[in-house]
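What follows is the residue order along each chain.
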Amino acid sequence: MTDYREGYEFYRQVCEEHGLEPINFHYYILNLSQEQLDAYNKQAKSTGGSIEYEVS
């Protein structure tokens, strides 16, 4: 999935189907690689987004 929000929504739905509490989007993003974050940031900028994420 190229849109990590879509990926997060899928993750959240699966958690709920199994009675698990999903982590929030911020923590979901923290567990992505720098390469994945770079791709996400590039796509977000092209669609008018203003928040950038990076591995710390």
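The structure contained in this document is the topic of the report that follows. (Residues numbered from 1 in each chain as written. Predicted model: local features only at pLDDT ≥ 70, side-chain atom pairs only at ≥ 80, totals over all residues. Heavy atoms only, no water.)

Brief notes about the overall build of the protein
And step 1. Scanning the protein from terminus to terminus reveals three helices and zero strands.
And step 2. When the helices and strands of the protein are placed in sequence order, the string is α-α-α.
And step 3. Taken as a whole, the protein presents about 4400 Å² of accessible surface, with 51% of it coming from carbon and sulfur. (Helix = DSSP H or I, 4+ residues; strand = E, 2+ residues; numbered from the N terminus. Areas by Shrake-Rupley, 256 points an atom, 1.4 Å probe, with all protein chains shown as cover.)

Looking at the nonpolar core
And step 1. In this structure, Tyr4, Tyr8, Phe25, Tyr28, Ile29, Leu32, Leu37, Tyr40 and Ala44 together form the largest nonpolar core, which totals nine residues.
And step 2. Those elements that provide at least two residues to this core are helix H1 (4-17), helix H2 (25-30) and helix H3 (34-46). (Core = buried A, V, L, I, M, F, W, Y, C linked by side-chain atoms within 4.5 Å. Buried < 20%, exposed > 50% of the residue type's maximum accessible area, 1.4 Å probe, protein only.)

Looking at H3
And step 1. If you check H3, its first and last C-alpha atoms are 18 Å apart, about what 13 residues at 1.5 Å a residue would give, namely 18 Å.
And step 2. By the burial criterion, the buried members of H3 are Leu37, Tyr40, Asn41 and Ala44. Along H3, the residues classed as buried sweep out an arc of 100 degrees about the axis, all on the same side. Of the residues in H3, the exposed ones pointing more than 90 degrees away from the buried face are Glu35, Lys42 and Ser46.
And step 3. Tucked inside the fold, the buried residues of H3 contact H1 and H2. (Expected span 1.5 Å × (residues − 1). Arc of directions from axis to C-beta. Contact = heavy atoms within 4.5 Å.)

So, H1
And step 1. Taking 1.5 Å of rise per residue, the 14 residues of H1 would be expected to cover 20 Å, and the 20 Å separating its terminal C-alpha atoms lies within 8% of that figure.
And step 2. Of the positions making up H1, those classed as buried are Tyr4, Gly7, Tyr8 and Cys15. With its buried residues spanning 100 degrees around the axis, H1 presents them on a single face.
And step 3. Check the buried side of H1 and you find it contacts H2 and H3.

Regarding the pattern of salt bridges
And step 1. The tally for this structure, following the rule as stated, stands at two salt bridges.
And step 2. Two residues, arginine 12 and glutamate 9, come together in a salt bridge whose shortest N-O distance is 2.7 Å. Placement of both arginine 12 and glutamate 9 in helix H1 is noted, with a separation of three residues, approximately one turn of the helix.
And step 3. Residue arginine 12 is classed as partly exposed on the basis of its relative accessible area of 23%.
And step 4. With a closest N to O distance of 2.8 Å, arginine 12 and glutamate 16 form a salt bridge. Of this pair, arginine 12 and glutamate 16 both sit in helix H1, four residues apart, which is roughly one turn of the helix.
And step 5. Within this structure, Glu9, Arg12 and Glu16 form a network of salt bridges that share partners. (Salt bridge = Lys/Arg side-chain N within 4 Å of Asp/Glu carboxyl O.)

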